[in-house]
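Examining the three-dimensional arrangement
Single-letter residue listing:
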Amino acid sequence: PREEASREAGPREEASRDGACPLAAQRCGWRRTLQALDDAFAAHGPFDGVLGFSQGAAVAAALAALVSGRASAAAGSGGEVAAEAAAAPAVRFRFVLCCGGFVGAAPELGALYERSAPIAMPSLHVVGEGDGVAPGGGGEELVRLFCPARAEVVRHGGGHFMPAGKRFVERYVEFLDAQRG
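Residues numbered from 1 in each chain as written. Predicted model: local features only at pLDDT ≥ 70, side-chain atom pairs only at ≥ 80, totals over all residues. Heavy atoms only, no water.

Quick look at the overall build of the protein
Looking only at helices and strands, the protein has 6 helices and 5 strands in total. If you list the helices and strands of the protein from N to C, you get β-α-β-α-α-β-α-β-α-β-α. Expressed as a percentage of its 181 residues, the buried residues of the protein come to 44%. Considering only intrachain contacts with a sequence separation of at least 6, the fraction spanning at least 24 residues in the protein is 86%. (Helix = DSSP H or I, 4+ residues; strand = E, 2+ residues; numbered from the N terminus. Buried < 20%, exposed > 50% of the residue type's maximum accessible area, 1.4 Å probe, protein only. Contact = heavy atoms within 4.5 Å.)

In C-alpha cells form, the structure reads like this:
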C-alpha cells in the first residue's frame, strides 16, 4: 500500500474507563443496518464511493466486501457472498475511504470479510498512530482486509480523527481524483 506518515498533533481520546472499546463490542444489528443502507442507496444513490469514520469505517469496509464479493460471484466464484449481496441490491459503489476504523465484531461481518478477502475495491485508509478509540491496531487490521495493490494508507501521529491539514487534504483529493471514471 502507498503510505504517508505525519506527526500532526490531534485531540486525545480515551477508549473508555476500563480500556474496552464499546463500539468494537457491538455484535448485533447487521441485517437491520444493511437493510437501512440498501434503502438509502435506493432512495439517494447512485454513489461513487463511501466514507466511513470509526464504527462507520467498519460498516464501509463490510459494504466494500459485499460489493467486491458480488463482483467475484458474477465472475463465477463467491456464491455465499452473492446470497448476502442479494439482500442489498441497491448497494453499489466503486471506492471506499475508511478513517479511524477497525474490523467489526459482528459474526456476520467476520464471515463477510473472510469470504471476500482480499477486498479488491480501491481504498484509502486514514490511521492515527495514537488512536485510543479504535481497538488495538484496528486501522492496520482493517487495511489488511484489502488488496495491497489497491489500498492506500495515510498515517498521522494523532488519535481518533481525520486530519484536515493541507497535505492531508491534498492526499484525499488525489485519491478521489484517481477514482474519477
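Picking up after the structure, the text goes on.
Overview of the pairing of strand β2 (residues 49-53)
Burial along β2 is one-sided: the residues V50 and G52 are buried and none of G49, L51 and F53 is. Summarising the sheet, β2 and strand β3 (residues 95-99) pair through 5 bridges and their orientation is parallel. Paired with G49 across the two strands is F95, which belongs to β3. (Pairing = 2+ DSSP bridges.)

Details of the confidence of the model for the protein
A residue-level look at the protein finds 75% of positions with pLDDT of 70 or above and a mean pLDDT of 82. Confidence drops under a pLDDT of 50 for residues 6-21, and excluding neighbours within four residues, the segment shows 36 contacts in the predicted structure. (pLDDT = per-residue confidence, 0-100.)

Things to note about the pattern of salt bridges
Counted under the stated rule, the structure contains 6 salt bridges. For the salt bridge of R171 with E152, the shortest nitrogen-to-oxygen distance reads 2.7 Å. Taken as a pair, R171 in helix α6 (residues 166-178) and E152 in strand β5 (residues 151-156) lie far apart in primary sequence, 19 residues in all. Exposure remark for R171: the relative accessible area of 4% places this residue in the buried category. Owing to a relative accessible area of 17%, E152 belongs among the buried residues under this scheme. Between R171 and E174 there is a salt bridge, and its shortest N-O distance comes to 3.4 Å. In this pair, R171 and E174 are both assigned in helix α6, 3 residues apart and thus about one turn of the helix distant. Judged by its relative accessible area of 36%, E174 is partly exposed. Within the structure, one salt-bridge network assembled from shared partners comprises E152, R171 and E174. (Salt bridge = Lys/Arg side-chain N within 4 Å of Asp/Glu carboxyl O.)

Overview of the nonpolar core
One finds F93, V96, Y113 and F146 to be the most contacted residues of the largest nonpolar core, which totals 32 residues. Going through the elements one at a time, α1 (30-44), α2 (55-74), β3 and α4 (107-116) are the ones with two or more residues in this core. If you tally residues by element for this core, the top one is α2, at 10 residues. Among the nonpolar cores identified, the runner-up in size contains 9 residues, and F95, C99, V126 and V154 belong to it. (Core = buried A, V, L, I, M, F, W, Y, C linked by side-chain atoms within 4.5 Å.)

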